[in-house]
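Geometric and topological summary
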Amino acid sequence: PKYIKYYAQSKPYKDWIVSFNTGSTRGNINAQTLGNMEISLPSPEQQDLLVDVLSALDDKIELNNRINKNLEEQAQALFKHWFVDFEFPDSNGNPYKSSGGKMTDSELGEIPEGWKIKDIYHFSEIIYGAPFASKFFNQENKGKPIIRIRDLPSQKSDVFTDEIHPKGYLLQKGDIAVGMDGEFRAYIWSGVESWLNQRLCVFKEKGNVSKAFIYFSLIPLLHKVEKTEVAKTVIHIGKNDFDKFYIANPKQEIMLKYKVIADKLIQQIVINNQENQKLAQLRDYLLPKLMSGEITVNFKELQ
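Residues numbered from 1 in each chain as written. Predicted model: local features only at pLDDT ≥ 70, side-chain atom pairs only at ≥ 80, totals over all residues. Heavy atoms only, no water.

1. Brief notes about the side chain of Lys211
Definition in use: Labels follow the DSSP assignment, with helices taken as runs of H or I lasting at least four residues and strands as runs of E lasting at least two, numbered in each case from the N terminus. What qualifies as a polar contact is a pair of N or O atoms within 3.5 Å, subject to a donor-acceptor requirement within protein and to the restriction that residues adjacent in sequence count only when both atoms come from side chains. Whether two residues are in contact is decided by their heavy atoms, any of which lying within 4.5 Å being enough.
Within the element layout of this structure, Lys211 appears in helix H6 (residues 211–228). Of note is the side chain of Lys211, whose polar atom sits 3.0 Å from the backbone oxygen of Gly174. Setting aside residues up to four positions removed in sequence, Lys211 forms contacts with Gly174, Asp175, Ile176, Glu205, Asp263 and Ile266.

2. Some points on the pattern of salt bridges
The cut-off we apply is this: Salt bridges are defined as contacts in which a side-chain nitrogen from Lys or Arg sits within 4 Å of a carboxyl oxygen from Asp or Glu. Each residue is assigned to one of three classes by its accessible area relative to the maximum for its type, calculated with a 1.4 Å probe on protein chains only: buried under 20%, partly exposed between the two thresholds, exposed over 50%.
Counted according to the given criterion, the structure contains 16 salt bridges. Of the charged contacts, one joins Lys69 and Glu73 as a salt bridge, the two residues approaching to 2.6 Å between their closest N and O atoms. In this pair, Lys69 and Glu73 are both assigned in helix H4 (residues 44–84), 4 residues apart and thus about one turn of the helix distant. Looking at Glu73, the relative accessible area reads 40%, which means it is partly exposed. The salt bridge involving Arg185 is made with Glu183; its shortest N-O contact spans 3.7 Å. For Arg185, a relative accessible area of 34% puts it in the partly exposed group. What you see here is one network of salt bridges that share partners, running through Asp58, Arg283 and Asp284.

3. So, the sheet that holds strand S7 (residues 160–161)
The condition is simple: Two strands form a pair only when DSSP identifies at least two bridges running between them.
Taking strand neighbours across the sheet as the criterion, the 5 strands line up as S5-S7-S6-S11-S8 in an open arrangement whose pairing is mixed. Each having just a single partner strand, strand S5 (137–138) and strand S8 (170–171) make up the two edges of the open sheet. Inspection of the sheet shows S5 paired to S7 by 2 bridges, in the antiparallel sense. Paired with Asn138 across the bridge in S7 is Phe160.

4. Overview of the sheet that holds strand S12 (residues 200–205)
As a general point, the strands of a sheet are linked pairwise by backbone hydrogen bonds and lie either parallel or antiparallel. Operational definition: Comment: axis = line fitted to C-alpha atoms, over the contacting stretch for helices; angle = value between 0 and 180 degrees taken between N-to-C directions.
The antiparallel open sheet is built from 4 strands, whose spatial order is S4-S12-S9-S10. If you trace the sheet from one side to the other, it starts and ends with strand S4 (124–128) and strand S10 (186–188), each paired once. Direction aside, neighbouring strands of the sheet carry axes that sit 30 degrees apart on average. Across 5 bridges, S4 lies against S12 in antiparallel orientation. Its bridge partner lying in S12, Ile127 is registered against Val202.

5. Re the nonpolar core
Cut-off, in case you're wondering: As used here, the term nonpolar core means buried Ala, Val, Leu, Ile, Met, Phe, Trp, Tyr and Cys residues forming a set that is joined through side-chain atoms within 4.5 Å.
The biggest cluster of nonpolar side chains holds 45 residues, and the ones touching the most others in it are Phe203, Phe213, Leu222, Phe242, Phe245 and Tyr258. The element that contributes the greatest number of residues to this core is H6, accounting for 9 residues. Leave out the neighbours within four places in its chain, and Phe242 touches Ile120, Tyr121, Ile126, Tyr128, Met180, Cys201, Phe203, Leu222 and Ile237. Grouped together as the second largest cluster of nonpolar side chains are 19 residues, Tyr6, Trp16, Met37 and Val51 included.

6. Considerations on the packing of aromatic side chains
The condition is simple: Each Phe, Tyr or Trp ring (for Trp, its six-membered ring) is paired with any other whose centre lies within 6.5 Å, and the angle between the two planes then decides the class: stacked below 30 degrees, edge-to-face above 60, tilted in between. A ring is considered to have a charge above it if a Lys NZ or an Arg CZ atom is located within 6 Å of its centre and within 35 degrees of its normal.
Summed over all chains, the structure comprises 19 aromatic pairs. Taking 5.0 Å as the distance between ring centres and 65 degrees as the angle between the ring planes, the aromatic pair formed by Tyr215 and Phe216 counts as edge-to-face. Aromatic rings pair up to connect Phe79, Trp82, Phe83, Phe86, Phe88, Trp115, Phe123, Phe213, Tyr215, Phe216 and Tyr258 into one cluster. If you follow Lys5 out to its NZ or CZ, it ends over the ring of Tyr6, 4.3 Å from the centre.

Next comes the structure, spelled out in structure tokens:
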């Protein structure tokens, strides 16, 4: 079964599926046609060896994903502990004890003494994507990749552009990118340097502000806007919404302590994601060659 799974991901299988594709609105294929497909079937021993090679790559990708989930949970737990529950260390390293605090905006509630309520622009610059012309889009790797909203979850794009837009911004590793249509999610960019298309934006941290602090602060703010827009067919977010984003600004010493700890976790997440992209590229390169027999696997070589 695992061999069949990988075979179904190979180019020969996909090309065969497309050749029998019927239907004008949405392509489809029936079970009888699928059942008549002939496949390259090596010996059970060779099948197991192919699966071992490809599974090893997938297993490492999955392990990195689990590690990243744990790293993000650590950074988020510390964020909640310090900046939501206000259980952070004081200047002497002892747990902070409120002496009553002070009342502020009703939605933000009570914040520790010495903290201030600031708008999002105090913490980050917001950079908007440029309206790149679709006529320059290509799949021949001409220019640089262009990132659309749909590309954020996968951290890659198969569409390129050789246009140099005067307002263009190149996504950098570690940037916090947000799609502005459909659903509002913050993503930590781990892909290659790519152009930021229109209806996307980047929250670029200022000065000594922690990247992780901005990332976790944005999550509830974006969710709140999304909940208020649910009645619309396609929901949008923009500058008018961002202008209403307010965050409790901690004392600099607390921000710096969090930055030292949490931003290292974010950096490791980016590194692991980069490794996953290389592993996936290697798997996708080997897959058709292994399935076609162009590359064979020898058990002794694996040993």
